[in-house]
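Commentary on secondary and tertiary structure
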Amino acid sequence: MEGRRVCESETEQVYIVMPQHLNGHGSLFGGQLAMWIDTIAGIVATRHCRMRITTAAIDNLNFRESVYQSEVVVMRGRMTYVGRTSMEVRIDSYVEDMRTGARRLINTAFVIEVALDENNRPRPVPPLIPETEEEINYFKSGEKRRQMRKEKQTLYE
């Protein structure tokens, strides 16, 4: 199976925070952000493997600050690690200042996606070809996170 480069599946999506996205305190509902993250991760994974996928886990979800109505949220997703059937996607979420274009990081999440065959069983995916030093470092970190997930999973079995 031929490998794919990170840039082949990288995705960016922009949202404006509307009243229906707010919680009772007037800030972006965390569940809304989680839904956007899951959607972007699914797009990145599907672009990488060109197969049906499912979300296996959201490994990390760190909220750094609140987001309010009318603010613009920019989400950037990219493949960081690929195993045999699973893929790790990093989603960085920013608030963009529409006057200056400056972005503030508000959230980082790692989402694990699994490719599925016609019987909804995991199937092999193309390997990832990291090219830049940053991509290579993300890949190495992804290997470590994968090992930590495996160790954590055995604790609950």
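Presented here is an overview of the structure given in this document.

Definitions and cut-offs
Residues numbered from 1 in each chain as written. Predicted model: local features only at pLDDT ≥ 70, side-chain atom pairs only at ≥ 80, totals over all residues. Heavy atoms only, no water. Helix = DSSP H or I, 4+ residues; strand = E, 2+ residues; numbered from the N terminus. Buried < 20%, exposed > 50% of the residue type's maximum accessible area, 1.4 Å probe, protein only. Contact = heavy atoms within 4.5 Å. Polar contact = N/O pair within 3.5 Å; in protein donor to acceptor, adjacent residues only side chain to side chain. Patch = residues over 30% accessible without salt bridge, like charges linked within 9 Å, V, L, I, M, F, W, Y side chains within 5 Å. Areas by Shrake-Rupley, 256 points an atom, 1.4 Å probe, with all protein chains shown as cover. Salt bridge = Lys/Arg side-chain N within 4 Å of Asp/Glu carboxyl O. Pairing = 2+ DSSP bridges. Axes fitted to C-alpha atoms, helices over the stretch in contact; angles between N-to-C directions.

In this section: the environment of R50. Relative to the helices and strands, R50 resides in the loop between α1 (30-49) and β3 (52-63). R50 gets classed as exposed once you look at its relative accessible area, which sits at 55%. Residues R50 and V89 lie 39 residues apart in sequence; the distance between their C-alpha atoms is 15 Å. Each residue touching R50, except ones within four places of it in the same chain, is listed here: R4 and A45. Polar contacts involving the side chain of R50 include one to the main-chain carbonyl oxygen of R47, which spans 2.9 Å.

Before going further, it helps to examine the environment of A115. Mapped onto the elements, A115 comes out in strand β6 (residues 103-116). Spatially, the C-alpha atom of A115 lies 8.2 Å from that of A45, the residues being 70 residues apart in sequence. Contacts of A115, omitting those with residues within four sequence positions, involve C49, M51, R52, I53, T85, M87, R121, P122, R123 and V125.

This next bit is on a nonpolar patch on the surface. On the surface, a nonpolar cluster with roughly 250 Å² of combined accessible area is contributed by I58, L61 and F63. Position of L61 relative to the elements: it lies in strand β3. Look at L61 and you get partly exposed, because its relative accessible area is 31%.

What the five strands build is an open sheet, ordered β2-β4-β5-β6-β3; its pairing is antiparallel. If you trace the sheet from one side to the other, it starts and ends with β2 (11-16) and β3, each paired once. Between one strand and the next, the sheet's axes are offset by a mean angle of 25°, whatever the strand orientation. Examined bridge by bridge, strand β4 (residues 72-82) and strand β5 (residues 86-96) share ten bridges and lie antiparallel to one another. If you follow R76 over to β5, its bridge partner there is D92.

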